[in-house]
Amino acid sequence: AATGWVPVGNSFSVTSKTAYYMLVTAEQKVSFNGASLTAPLPAAASFPGREFKLFNLNASALTVAATSGAINGPTSLAQNIGQGYTSDGTNWLGV
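Just so you know, these numbers come straight off a predicted model, no measurement behind them.

Re the overall build of the chain
- Looking only at helices and strands, one finds 0 helices and 9 strands in the chain.
- Listing the helices and strands of the chain from first to last along the sequence gives β-β-β-β-β-β-β-β-β.
- Residues counted as buried form 34% of the 95 residues belonging to the chain.
- Counted over contacts in the chain with a minimum sequence separation of 6, partners at least 24 positions apart contribute 46%.
- When the accessible surface of the chain is summed, it comes to about 5,300 Å², and 55% of that surface belongs to carbon and sulfur atoms.

Some points on unusual backbone geometry
- Within the chain, Ser36 stands out as a residue other than glycine whose phi angle is a positive 55 degrees.
- Summarising the element assignment, Ser36 is placed in the loop between β2 (29–32) and β3 (38–41).
- In this structure Ser36 comes out as exposed when scored by relative accessible area, which is 62%.
- One non-glycine residue, Asn80, lies in the positive phi region at around 60 degrees.

Looking at the sheet that holds strand β8 (residues 81–87)
- Across the sheet, which stays open at both edges, the 6 strands sit in the order β1-β2-β4-β8-β9-β6 with mixed pairing between neighbours. The outermost strands of the open sheet, each flanked by one partner alone, are β1 (14–17) and β6 (71–72).
- Note: β1 against β2, 4 bridges, orientation parallel. When the sheet's bridge partners are listed, Val14 is paired in β2 with Lys29.

Here's the deal with the nonpolar core
- If you look at the biggest cluster of nonpolar residues, it comprises 16 residues, and the most contacted ones within it are Leu23, Phe32, Leu41, Leu54, Val64, Tyr85 and Trp92.
- Elements with a minimum of two residues in this core: β2, β3, β4 (51–56) and β5 (62–66).

So, the sheet that holds β3
- Read from one edge to the other, the open sheet built from 3 strands follows the order β3-β5-β7, with strand pairing classed as mixed. Looking at strand neighbours, the two that pair on one side only are β3 and β7 (76–77), the edges of this open sheet.
- Inspection of the sheet shows β5 paired to β7 by 2 bridges, in the antiparallel sense. Within β7, the position partnered with Leu62 by the bridge is Leu77.

The rules behind each value
Residues numbered from 1 in each chain as written. Predicted model: local features only at pLDDT ≥ 70, side-chain atom pairs only at ≥ 80, totals over all residues. Heavy atoms only, no water. Helix = DSSP H or I, 4+ residues; strand = E, 2+ residues; numbered from the N terminus. Buried < 20%, exposed > 50% of the residue type's maximum accessible area, 1.4 Å probe, protein only. Contact = heavy atoms within 4.5 Å. Areas by Shrake-Rupley, 256 points an atom, 1.4 Å probe, with all protein chains shown as cover. Pairing = 2+ DSSP bridges. Core = buried A, V, L, I, M, F, W, Y, C linked by side-chain atoms within 4.5 Å.

Interpretation in functional terms is not warranted from these geometric data alone.
What follows is the structure, encoded as structure tokens:
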């Protein structure tokens with residue numbers, strides 16, 4: 001029997017951005033630290049099952065937008081708030 005910590009899932013490093021940034025498939029966890037930024041999610045239909053985890057470090061809100069489909073979850077993240085988004089093949093779901 002295994003004891004101690006067992007890694008679960010994929011391991012992704014956190015990418016940090018300070019300006020407008022279109023999310024790409026090579027990243028899963030992205031932190032934003034810049035005034036009045038927007039984080040556009042790619043087309044949900046192109047990435048079924050894909051998950052992004054976003055985190056806002058800045059005092060101004062981070063706007064989360066979808067390039068196509070809808071976002072069924074938060075579209076604005078306050079300072080020090082993180083949120084996951086998963087594609088169901090049509091829309092992005094806040095998880």
